[in-house]
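Chain by chain, the residues:
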Amino acid sequence: MTTTLERPPTTAGLLRGEWIKARSLRSTWYVLVGSLVGMVLLGLLFTSTADDGGPGGNGGGPPGVDFAQPLTLALAGYNLAQLALGVLGVLLVTGEYTSGTIRSTFAAAPRRWPVVVAKAAVLGGLVLVTSAVAALVAYAVGSAVTDGMPGLGEDGVLRVVLGTALYLTAITLLGSALGWLLRSTAGGVATLFGLVFLLPILGNLLPADWGPDVVRWLPGSAGGSLLRLTTTADQFAPWTGFAVLVGYVVVGLAAAVWRLRTRDA
Amino acid sequence: MIELRGLTKRYGDRLAVDDVTVTVQPGVVTGFLGPNGAGKSTTMRMVLGLDRPTAGTALVNGKPYAEHRDPLRQVGALLEARALHPGRTARAHLQSLAAAGGLPRERVDTVLELSGLTGVAGKRVGGFSLGMGQRLGVATALLGDPATVVLDEPVNGLDPDGVLWIRTLARRLAAEGRTVFFSSHLMAEMAVTADHLVVMGRGRLVADVSTAEFLRRAGGDGVRVRSPRAAELAGLLAGPDVAVESAEAGVLLVRGVPTEVIGDRAAAAGIALHELTAVQASLEEAFMALTADDREYRTEEQPA
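Residues numbered from 1 in each chain as written. Chains lettered and ligands numbered in written order. Predicted model: local features only at pLDDT ≥ 70, side-chain atom pairs only at ≥ 80, totals over all residues. Heavy atoms only, no water.

K.L.:
Explain the UniProt feature "transmembrane region" (unreviewed entry) in chain A to me, please; I cannot follow it from the model alone.
P.N.:
The UniProt entry lists residues 29-50, 70-95, 116-140, 160-182, 189-208 and 236-258 of chain A under the feature "transmembrane region" (unreviewed entry), expressed in the numbering used here. When the span residues 189-208 of chain A is considered, its composition is 75% helix and 0% strand, and the gap between its end C-alpha atoms is 30 Å. (UniProt positions renumbered as here; feature names shortened; annotations may be inferred. Helix = DSSP H or I, 4+ residues; strand = E, 2+ residues; numbered from the N terminus.)

Structure (structure tokens):
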């Protein structure tokens, strides 16, 4: 038995461990690169066709989304990206449960909660950087192909572009929290999609006098306020809405930590 | 050293582990025996702090697992086969744990070498055979150079080469002064590897004895006698502390009388013997006897 005087497990070590885990799976890179490319290409498609009577031509689309605004069109690919990134958030957690590596992970960090935090930090950082690049490139490409694109210095534009990255990061971490809570890929993905995509649609069927008060509290709708140049009375102000979304993420991760304390791994 | 004190785990109505108190000593290989569902894996998971005991405590090297500041150096465990992500390489799997556990990077190469996986370290685990997965599991357990090693069914899926490797490894680790606690349902493997046995049945501790004592206690050695006049001979041998069984016509299994005495008595009575063989109770038999319920266990007391 060698008695080496090594440092005890540290936060840095835990972060490095999670980074090695995330980067050593091909699915991580497929999702990140796919989201980046998808966002840029969809933005290019929407902005380049807007003048030929595309979605912006007839003023269609869901209420509150201004398809006549080139900035919105350039970043519209975020809808697809949030799907893929949300699944990645769920999968990096549930993959540990389905494969059984969660036991080795908790054996190395028996207090467990630092693992939740480290995973969220590594994944959050990866997604934030990737989607910030994706949003900026989509904006640049959109600016090149359409005339009406507002400049980055104009009111709210930089907030919308970088807000897209913040929104996508928050949705990914919501997926991570659901993964910890449900431990099942199918359950986590279904719940995330239900919260982000399905409930807003159902919410639109609610009576007009109180329906919007419910809908704007949903994670996707609340966080989506950050991605609009102008918000209506039915929506939260941009940063208020984003704070609500962050609230969901914090509550979700806190619930995950609390569940892990007592649950058998 | 692993100390279990009144360790209990209840799932709903079912007591998976029922008030188990036992100490697993360093320096020897301790085998952990029991039929499927006896509570072995649950016990091991409680030792690792993965499952929370309903009552009692499990201490490793003097503390509950979760209270160690350097858990991977205290205990290394293989808890189930293939607890590995199929999309990750063997090296990445070990590197991530070494980082999280604050272990030096060189340990990854050391355990890869030790488990014979250096050549496939860069391959994704999904393509590994059961035996290679098991070797990586053992490599994972040894990553922290731990003082206590817990292995759940380590020889499952291993080829004869691998079985021999585990046996040699377990013995070497114990000789180095470590605590080695490993479960198996392969009795023959236990008989040659373990110095000491902890036996569980239906959640309860059935035995905590040396392997030799376990074999002796479960009926000990007997003598197989084949004779055309077996029934007559059985009458001659009967006495206190003597058990004579007859599983087939003309064959006796005699316990409590040495071969010499049986031969002499047969000769004195003019009974021809076609076979007179000393047989050693197998670990299987010993195990069956100990884990069977009380009524079945009493067969020994009924002379044939």
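Next comes the rest of the write-up.
K.L.:
Would you take a moment to explain the environment of B:Ala272 for this structure?
P.N.:
Considering the arrangement of structural elements, one finds B:Ala272 in the loop between helix 10 (259-268) and strand 13 (275-279). Taking relative accessible area as the criterion, B:Ala272 reaches 41% and is therefore assigned partly exposed. (Buried < 20%, exposed > 50% of the residue type's maximum accessible area, 1.4 Å probe, protein only.)

K.L.:
In this structure, what is going on with the interface of chain B and chain A? I would like to understand it.
P.N.:
Interfaces are often sized by the accessible area lost when the parts come together. Facing 41 residues of chain B, the contacting portion of chain A comprises 34 residues. Around 3,100 Å² of area is buried between chain B and chain A when both sides are counted, 55% of it from carbon and sulfur atoms. For chain B, the biggest contributors to the area lost against chain A are B:Leu50, B:Arg88 and B:Ala100; these three give 18% of the whole. Between chain B and chain A we count 2 salt bridges in total. One salt bridge in this structure joins B:Glu80 and A:Arg103, with 2.7 Å as the shortest N-O distance. For the pair chain B and chain A, the number of links is 10 residue pairs in polar contact (both at pLDDT 80 or more). The set of elements that each furnish at least two residues to the side of chain B that touches chain A consists of strand 1 (2-11), helix 2 (71-74) and helix 3 (90-100) of chain B. It is helix 3 of chain B that provides the largest number of residues to the side of chain B that touches chain A, a total of 7 residues. Here the residues of the side of chain B that touches chain A sort into 16 nonpolar, 10 polar and 15 charged. (Contact = heavy atoms within 4.5 Å. Buried area = accessible area lost by both parts, 1.4 Å probe. Salt bridge = Lys/Arg side-chain N within 4 Å of Asp/Glu carboxyl O. Polar contact = N/O pair within 3.5 Å; in protein donor to acceptor, adjacent residues only side chain to side chain. Nonpolar A, V, L, I, M, F, W, Y, C, P; charged D, E, K, R; others polar.)

K.L.:
I tried to follow the sheet that holds strand 12 (residues 251-255) of chain B on my own but got confused; where do I start?
P.N.:
Where strands meet in a sheet, backbone hydrogen bonds hold them as pairs that are either parallel or antiparallel. All names here are of chain B. The strand order across the open sheet formed by 4 strands is 11-12-10-13, and the pairing between neighbours is antiparallel. Edge positions in the sheet fall to strand 11 (243-248) and strand 13, since each of these pairs with one other strand and no more. Sheet twist, expressed as the average angle between the axes of neighbouring strands with direction ignored, equals 20°. Bridge count for strand 11 against strand 12 is 4 bridges, and the pairing is antiparallel. Bridge pairing links Glu248 to Val251 in strand 12. (Pairing = 2+ DSSP bridges. Axes fitted to C-alpha atoms, helices over the stretch in contact; angles between N-to-C directions.)

K.L.:
Is there a simple way to think about the domain arrangement of chain B in this case?
P.N.:
When cut into domains, chain B gives domain 1 (2-215) and domain 2 (217-301). Between the C-alpha centres of domain 1 of chain B and domain 2 of chain B the distance comes to 39 Å. (Domains from an automatic or database assignment.)

K.L.:
How should helix 5 (residues 101-108) of chain A be read in this particular structure?
P.N.:
Given 3.6 residues to a turn, an α-helix orients residues that are three or four positions apart in the same direction. Counting buried residues in helix 5 of chain A gives 8 out of 8 residues, a clear majority hidden from the surface. Regarding helix 5 of chain A, the residues found buried are A:Thr101, A:Ile102, A:Arg103, A:Ser104, A:Thr105, A:Phe106, A:Ala107 and A:Ala108.

K.L.:
Would you mind showing me how to read the packing of aromatic side chains here?
P.N.:
Aromatic rings considered in pairs are described by the distance between their centres and by the relative angle of their planes. Scanning the model with the defined rule gives 8 aromatic pairs over all chains in all. Ring plane angle 85° and centroid distance 4.9 Å describe the contact between A:Trp217 and A:Phe236, whose orientation is recorded as edge-to-face. Here A:Trp217 is found in the loop between helix 9 (211-215) and helix 10 (219-224), whereas its partner A:Phe236 is found in the loop between helix 10 and helix 11 (238-262), with 19 residues between them in sequence. Residue A:Trp217 is classed as partly exposed on the basis of its relative accessible area, which comes to 45%. Under the relative-accessibility criterion, A:Phe236 is labelled buried at 10%. Site record: aromatic cluster; members linked through ring pairs are A:Tyr97, A:Phe106 and A:Trp180. Here the basic side chain of B:Arg135 rests over the ring of B:Trp165, its NZ or CZ set 4.6 Å away from the ring centre. (Phe/Tyr/Trp six-rings, centres within 6.5 Å; stacked < 30°, edge-to-face > 60°. Lys NZ or Arg CZ within 6 Å of the ring centre and 35° of its normal.)

K.L.:
Please clarify how the side chain of B:His85 should be interpreted in this entry.
P.N.:
Structurally, B:His85 is set in the loop between strand 5 (75-78) and helix 3. In this structure B:His85 comes out as buried when scored by relative accessible area, which is 19%. At a separation of 3.1 Å, a polar atom in the side chain of B:His85 contacts the main-chain amide nitrogen of B:Gly87. Not counting the four nearest positions on each side in its chain, B:His85 is found in contact with A:Leu25, A:Gly95, A:Ser99, A:Thr101 and B:Val125.

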